[in-house]
Amino acid sequence: MNYIIEQEQYTRVLTKDEYRTFIDYIDDNYEDMYSNKVGYVVEKIDDTFKVTLNDNTIISFEDIFK
C-alpha cells in the first residue's frame, strides 16, 4: 500500500462537535491508550481540527465514532 494513502486512514479533519466526541473517547479510554502507547497529534485549522493517530492497531476513527 502507498505510504501516503496508508497514513490518511489515521488522519481526519473534525468539526468542533466531532472533536468533543474524540476528546470524550480519549478521556474514557485513557488507561488503554496510555498502556498501549497510542498517541495523537491535533492541528487546529480555523474552526476544524486535523487529528492524526499514531500508526497503530489498537484504535481507529471507526472505533471512536461508532
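These numbers were taken from a predicted model, which means no experiment stands behind them.

S.K.: I keep staring at the environment of Tyr 10 and nothing clicks. Help me out?
M.R.: Its location among the elements puts Tyr 10 in the loop between helix H1 (3-8) and strand E1 (11-14). The class for Tyr 10 is buried, based on a relative accessible area of 11%. In the structure, Tyr 10 is positioned 45 residues away from Asp 55 in sequence and 6.8 Å away in space, judged by C-alpha atoms. The contact partners of Tyr 10, leaving out residues within four places of it in the chain, are Val 51, Thr 52, Leu 53, Asn 54, Asp 55, Asn 56 and Phe 61.

S.K.: What am I meant to see in the pairing of strand E3 (residues 48-53) here?
M.R.: Walk down a regular strand and you will see the side chains alternate between the two sheet faces. Burial of the side chains of E3 is restricted to one face: Phe 49, Val 51 and Leu 53 are buried, whereas none of Thr 48, Lys 50 and Thr 52 on the reverse face is. As paired elements, E1 and E3 share four bridges and run antiparallel to each other. Bridge pairing in E3 links Val 13 to Lys 50. Sheet topology places strand E2 (residues 40-45) next to E3; six bridges connect them, and they run antiparallel.

Each value, and the rule that gives it
Residues numbered from 1 in each chain as written. Predicted model: local features only at pLDDT ≥ 70, side-chain atom pairs only at ≥ 80, totals over all residues. Heavy atoms only, no water. Helix = DSSP H or I, 4+ residues; strand = E, 2+ residues; numbered from the N terminus. Buried < 20%, exposed > 50% of the residue type's maximum accessible area, 1.4 Å probe, protein only. Contact = heavy atoms within 4.5 Å. Pairing = 2+ DSSP bridges.

Geometric values such as these leave the question of function open.
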